[in-house]
Amino acid sequence: MPSHPKTLGVGQPKSVLSTEGEGRPTWVRYRVALASVLMAFILYLDRVCLGEIVKSDSFRGDFTASPQEIGSVLGAFFFTYALFQIPAGWASDRWGGRRMMTLYIVGWSLMTWATGWATTLAGLLIARLLVGVAQAGAYPTAGSILRTWFPLHQRGRASSWVSFGGRLGGMLAPALSTVLILSFGDWRTVLTLYGIFGIGIACVYWFIVRDAPNQHPRINALEENEIGHPPDAEIATRRPLAQLLAACTLSRSLWLSSLVQFSINVGWSFLITWLPTYLKDNRGVDPLMGAAMVSGVLATGMIGMLAGGWASDAAVKRFGLRVGRVLPLCSATTLAGFAYLACPWLGSTGAVVVCCGLVAMMTDFGNPSFWAFMQDIGGRNTATVYGWANMWGNLGASMSAIMIPKLMLYGEQSGHGFAPVFIVCSGFFFLAAIASLGIDASRPIGHQPLS
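Residues numbered from 1 in each chain as written. Predicted model: local features only at pLDDT ≥ 70, side-chain atom pairs only at ≥ 80, totals over all residues. Heavy atoms only, no water.

Trainee: What exactly am I supposed to notice about the overall build of the protein here?
Mentor: The number of helices and strands found in the protein is 18 helices and zero strands. Expected size for 451 residues packed as a compact globule is a radius of gyration near 22 Å; at 22 Å, the protein falls within 12% of this value. Counting only C-alpha atoms and orienting by the principal axes, one finds that the protein spans roughly 75 × 45 × 40 Å. Out of the 451 residues belonging to the protein, those deemed buried represent 55%. Accessible area for the protein stands at about 18,600 Å²; split by element, carbon and sulfur atoms hold 67% of it. (Helix = DSSP H or I, 4+ residues; strand = E, 2+ residues; numbered from the N terminus. Rg over C-alpha atoms; globule rule 2.2 N^0.38 Å. Buried < 20%, exposed > 50% of the residue type's maximum accessible area, 1.4 Å probe, protein only. Areas by Shrake-Rupley, 256 points an atom, 1.4 Å probe, with all protein chains shown as cover.)

Trainee: Looking at this structure, how should I read the pattern of salt bridges?
Mentor: Oppositely charged side chains may form a pair once their charged atoms are brought near each other. Throughout the structure, instances matching the rule amount to 10 salt bridges. In this structure, D376 engages R155 in a salt bridge whose closest nitrogen and oxygen atoms are separated by 2.6 Å. Taken as a pair, D376 in helix α16 (residues 349–378) and R155 in helix α8 (residues 155–184) lie far apart in primary sequence, 221 residues in all. The salt bridge partner of D281 is K280, with a shortest N-O separation of 3.7 Å. The class for D281 is exposed, based on a relative accessible area of 53%. Residue classification places K280 among the partly exposed positions, given a relative accessible area of 46%. The structure contains a network of salt bridges with shared partners spanning R155, R157, D313, R325 and D376. (Salt bridge = Lys/Arg side-chain N within 4 Å of Asp/Glu carboxyl O.)

Trainee: Honestly, the packing of aromatic side chains in this entry has me stumped. Any pointers?
Mentor: Under the counting rule described, the total for this entry stands at 24 aromatic pairs. Between W371 and Y386 the ring centres are 5.2 Å apart and the planes differ by 70 degrees, which places this aromatic pair in the edge-to-face class. You can see W371 sitting in helix α16 and its partner Y386 sitting in helix α17 (residues 382–414), a full 15 residues away along the chain. Site record: aromatic cluster; members linked through ring pairs are F270, Y278, Y340, F418, F422 and F429. Positioned above the aromatic ring of W206 is the side chain of R98, whose terminal nitrogen or guanidinium carbon lies 3.5 Å from the ring centre. (Phe/Tyr/Trp six-rings, centres within 6.5 Å; stacked < 30°, edge-to-face > 60°. Lys NZ or Arg CZ within 6 Å of the ring centre and 35° of its normal.)

Trainee: I would appreciate a short explanation of the environment of W310 in the present structure.
Mentor: Turning to its location among the elements, W310 is positioned in helix α14 (residues 287–319). Its relative accessible area of 57% is what places W310 among the exposed residues. Each C-alpha atom of the pair W310 and G411 lies 40 Å from the other, and the pair is 101 residues apart in sequence.

Trainee: What should I look at first to understand the side chain of R325 in this one?
Mentor: Relative to the helices and strands, R325 is located in helix α15 (residues 321–342). In contact with R325, other than residues within four places in its own chain, are L152, R155, S312, D313, V316, S369, A372, F373, D376 and A441. (Contact = heavy atoms within 4.5 Å.)

Trainee: Can you walk me through helix α4 (residues 85–95) in this structure?
Mentor: Think of an α-helix as turning once every 3.6 residues; residues three or four places apart then point the same way. Counting buried positions along α4 yields eight of 11 residues, so the element is predominantly enclosed. Taken from the residues just after α4, G96 is the one with a positive phi, measuring 105 degrees.

Trainee: What is the right way to read the nonpolar core from this model?
Mentor: Burial of nonpolar side chains together is a common tendency in soluble globular proteins. Among the nonpolar cores identified, the biggest contains 121 residues, and M39, W108, Y139, F270, L271, L275 and M374 are the most heavily contacted of them. The greatest single-element share of this core, amounting to 15 residues, is contributed by helix α1 (residues 28–53). Residues contacting Y139, with those up to four places away along its chain left out, are M39, A40, L43, Y44, Y81, V162, S163, G166, W371, Y386 and N390. (Core = buried A, V, L, I, M, F, W, Y, C linked by side-chain atoms within 4.5 Å.)

Following this line, the structure appears as C-alpha cells:
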C-alpha cells in the first residue's frame, strides 16, 4: 500500500515515499509560490503608496505639515522595519511561517487601514511605525517557506518570482494610488481599500500555504519526491534567539553577505530617491518625463530579477553550490559598479538612463542568488538568518539617504556636479562584488559544509 504523505514527518527521507498509483505530480509548490508573490505585491503596495498619497490635494487638505514633518512620517517605517527583522524572523522559525506570515499580512493591512483614519501627524507616525513592525517578518518568512517547498536547484527561480511580485507592487503603487484618489476623491478611502485587499490576501495565503509539503492535503508523493529532502534538514534545528544570534556572529559568510546587502542597498537606493532630482536639476528633464524614465529603469530591474533566478539555479547545477551562488552575485555587482562609474562621463541623458537601467537590472539579477544563499545556510532558522542580513540592507538604505545629499553638496561646491555620487555608489557595488567572493552557501550556520 502506498504511504500517505500526511503520515510522514517533516524530516522523513523522500526514499520512503511510494509513488505507486499516484499518476502525475501535483503542482502545489507553485501555488505556494503564487501566494508568496501576492504577499510581496501587497507588501510593496502598502509600503510605497503613502509616498504618493502625501502629494495629493486630498491629503494636503487634511494635513498642513512641513516637508520635514512628512519626511519623518515616511521615514518612520524604515526604522521599525529594520529593527524588527531578526525578532520577526525568529518568531516565524519558532511558531511556523504559515501562521506568522498570515498574522504579519493581517497586521500591516490593519495598520494601513488605520493610517487612513489618522487625524494627526502623531497618529500617522504611530501607524507607519506599526506597519514597519508587521512588514519586518515578511521576506524572512517567505524565504523560509520557499526553502521548505522548493528543492535546492529551484530556489533561485522561486525567490525571483517573489521578488518580482514586490517590485511590481512598488512600481504600480504611485500610479494606482493616484488613479484611485482621483476616482474616489479621498486618500482615506484608498488606504481602506488597500487594507481590505491585504486581509483578503492573508486569507488566500492561509488557505494555500503549509509549513511543509507533507502537511498539505493536496500534495501527492510524486511532488514530494520532486521537492526532495533538504540536505541540512537534520542538522539545522530551531534554536533560542540568543543562541542563534551567537552562531550568526561567528559566521564569516553571514557577515560578508550582510556587507554585500548593505553595500548594494547604498548604491541602489539612489535610483528610487535622487535619480528624479538628478534628471530634473542636472539634465533639465521635464518632471513627467523624468518619472517615466525612472519607471523604465525600475521595470528593467524586474527583467533582471527573473533572469537572475534562472541564472542562479543554472550556475549551481553547473559549478556546484558554493561557486554557483557566488558567480551571478559577483558578476552582477561588478557590472552595476561599472555602469555607475560610466555615468559622469556620458553627455547623453539617454545613455545615463540606460546605465542606471543596467544598475537596476544587475541589482535584481543578483537578488535571487542572495535569497537562495540565505535559504542554503539558514536551514530551519532561515527566517532569522534572512532577517539578520535584511536588517543590514535596510541600514545601508538609511545610510544612502544621509550620504547622497552630502555628496551632492560636495559636488556642487567643488564643481564636480553629480560625479561624486556616481563614483561612491559604484565603489559600494565593487565592495559588494569583492565581499561576495568570500561567502560559502555550502556551510550552514554553526555547522560543517554540506556534503
